[in-house]
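Read off the chains here:
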Amino acid sequence: MDRINKEYIYELINNLSNYKDTDVMLSIRKQAQNNQLPILRRPVACLLDILIRSSKPQNILEIGTSIGYSTMVMLNALGETGKIYTMEIDDKIADMAINNFKQAGALERVKLFWGDAKEILYYMEGSFDFIFMDGPKAQYLNYLPYCLDLLKPGGLLVCDDVLFYGMVADKQIINRRKITIVKRMKKFLKIISYHPDLNTAIVPLGDGVSISYKKEA
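Note that the coordinates shown come from a computational prediction; the quantities given were computed from them, not determined experimentally. (Residues numbered from 1 in each chain as written. Predicted model: local features only at pLDDT ≥ 70, side-chain atom pairs only at ≥ 80, totals over all residues. Heavy atoms only, no water.)

This part covers the packing of aromatic side chains. Counting across every chain of the model gives 4 aromatic pairs. When the ring of Tyr140 is compared with that of Phe188, the centres are 5.4 Å apart and the planes differ by 70 degrees; the resulting orientation is edge-to-face. Of this pair, Tyr140 sits in helix H7 (residues 140-150) while Phe188 sits in helix H8 (residues 179-194), placing them 48 residues apart in sequence. Taken individually, Tyr140 and Phe188 each receive the classification buried, so the pair is uniform in this respect. With centroids separated by 5.2 Å and ring planes inclined at 65 degrees, the aromatic side chains of Phe164 and Tyr165 adopt a geometry described as edge-to-face. (Phe/Tyr/Trp six-rings, centres within 6.5 Å; stacked < 30°, edge-to-face > 60°. Helix = DSSP H or I, 4+ residues; strand = E, 2+ residues; numbered from the N terminus. Buried < 20%, exposed > 50% of the residue type's maximum accessible area, 1.4 Å probe, protein only.)

Next up, the structure:
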């Protein structure tokens, strides 16, 4: 259970989340459980699906592939010509993601980059309609300048787990080993909330989701 909502609120939202996984996505969920890997919470999958279907992006950049569940959520919401560019630093996990994309017949529409996201972002070219950030939380600050450059005006930047178990809002529950992450996440949230080129909303869903719209000139 996440720690940003009352348990009864969490249970209600989770029970009402009617996102339908494909067979491949159900398989990925089992893989995640068997390997103790975190993946996108079902209510956040619902939100991501709605955001993509309503904004109709043609190309998506994802930071943090894991074993490919969130990638598949976004791919299912895309139009038939849409593509996703995603990145994962862990070779073993990236291998699992590639196998899952093969199983889904998605390799023509998904390009996976292996390596450190900051280094990949530095050399990334082009622009994106939609960026989903779900990599290491302490690195969100480092990724942000690149994301803002790569995001098209009128595009969306969506970031997961931004409330970090509620620690960014309540000093009394901060784990001492997580102090640096919490400080960096607080700074990240302040920047995207007051950035002159962004309109940002922070939604207390899952472990917190930020949604930022890049203003058009």
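This part takes up the environment of Leu16. Looking at the secondary structure, you find Leu16 in helix H1 (residues 7-16). Linking Leu16 and Gly82, residues 66 residues apart in sequence, is a C-alpha distance of 29 Å.

For the rest of this paragraph, the subject is the side chain of Asp161. Note on placement: Asp161 falls in the loop between strand S5 (151-160) and H8. Assessed through its relative accessible area of 11%, Asp161 is described here as buried.

We now examine the pairing of strand S6 (residues 198-203). Relative to strand S7 (residues 209-214), S6 runs antiparallel, the two being bridged by 6 bridges. By the bridge assignment, Thr200 is partnered in S7 with Ser212. What sits between S6 and S7 in their antiparallel hairpin is a turn of 5 residues, with Gly206 showing a positive phi close to 65 degrees. (Pairing = 2+ DSSP bridges.)

This brings us to the pattern of salt bridges. Per the counting criterion, the structure on display carries 7 salt bridges. Linking Asp21 and Arg42 is a salt bridge whose minimum nitrogen-to-oxygen distance equals 3.2 Å. Here Asp21 is found in the loop between H1 and helix H2 (23-34), whereas its partner Arg42 is found in helix H3 (residues 42-55), with 21 residues between them in sequence. The buried category is assigned to Asp21, whose relative accessible area is 14%. Owing to a relative accessible area of 24%, Arg42 belongs among the partly exposed residues under this scheme. Taking the shortest distance from any N to any O, the salt bridge between Arg41 and Asp161 comes out at 3.1 Å. Of this pair, Arg41 sits in the loop between H2 and H3 while Asp161 sits in the loop between S5 and H8, and the two are 120 residues apart along the sequence. In this structure Arg41 comes out as partly exposed when scored by relative accessible area, which is 25%. (Salt bridge = Lys/Arg side-chain N within 4 Å of Asp/Glu carboxyl O.)

Turning to the layout of surface pockets, a few remarks are in order. One number sums up the size of the largest pocket: a volume of about 1100 Å³. Considering the residues around the largest pocket, the lining is formed by 42 residues, among which Pro38, Ile39, Asp134, Lys137 and Asp161 are closest to the centre. Taken together, the residues of the lining of the largest pocket sort by class into 20 nonpolar, 9 polar and 13 charged. (1 Å grid on protein atoms, 1.4 Å probe; cavity = no way out; pocket = protein on both sides within 12 Å on 5 of 7 lines; lining within 4 Å. Points joined across faces, edges and corners; volume = space filled by probe spheres on them. Nonpolar A, V, L, I, M, F, W, Y, C, P; charged D, E, K, R; others polar.)

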